[in-house]
Amino acid sequence: MEIWMKIASVIGASILELWMAIPVGFALGLHPVIIAVASALGSIIAAVVVIFLAKSLRNWLMKRMERKNKRQGRMGKIWQKYGVIGLGLASPLLTGAPLGAAIGVSFGAKPVTLFIWMAIGIIVWSGILTAAVAMGMLSLTSFA
């Protein structure tokens, strides 16, 4: 049962922030594959909640985004140049899944399309970041 609590901790951390979940998983002593899958799952859950379920949160974020010029900032530039694909691939790394999903919705992305590209971006970045941390830890242990 202890392993399931560790996995749940990584999923919970990833719901908040992908960057936070991966070190949590390593600190708990989980295998890198489990960390990558659990962190991706948590971020996908967060994106689903924002895109499909949290209508009031989404409306609040959209109003907040409208106050700012929606074409400003890094995400606005990515949206202008690459559309929903670029936003879906970049936002899990740059802003986190929940905020990236809210930005996508505020820019008018179709929810299903946004979810697909957000999920792909989350899975890719979860794998890359987990592999990078695992290789870094492996190189540190080889010096010891």
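- Identification of the chain as Small multi-drug export protein from Aneurinibacillus migulanus is taken from an unreviewed UniProt entry.

### Examining the UniProt feature "transmembrane region" (unreviewed entry) in the chain
- In the numbering used here, UniProt assigns the feature "transmembrane region" (unreviewed entry) to residues 7–28, 34–61, 82–108 and 114–138.
- In residues 7–28, the share of helix is 91% and the share of strand is 0%. The end C-alpha atoms are 9 Å apart.
- For residues 114–138, the helix share is 100%, the strand share is 0%, and the end-to-end C-alpha distance is 36 Å.

### Thoughts on the packing of aromatic side chains
- Inspection of every chain in the model, using the stated rule, returns two aromatic pairs.
- When the centroid spacing of 5.3 Å and the interplanar angle of 40° are considered together, the rings of Trp79 and Phe107 count as tilted. Here the residue Trp79 occupies a position in helix H5 (residues 73–94), and Phe107 occupies one in the loop between helix H6 (97–106) and helix H7 (111–143), the gap between them amounting to 28 residues. Assigned by exposure class, Trp79 and Phe107 land together as buried.

Cut-offs used in this document
Residues numbered from 1 in each chain as written. Predicted model: local features only at pLDDT ≥ 70, side-chain atom pairs only at ≥ 80, totals over all residues. Heavy atoms only, no water. UniProt positions renumbered as here; feature names shortened; annotations may be inferred. Helix = DSSP H or I, 4+ residues; strand = E, 2+ residues; numbered from the N terminus. Phe/Tyr/Trp six-rings, centres within 6.5 Å; stacked < 30°, edge-to-face > 60°. Buried < 20%, exposed > 50% of the residue type's maximum accessible area, 1.4 Å probe, protein only.

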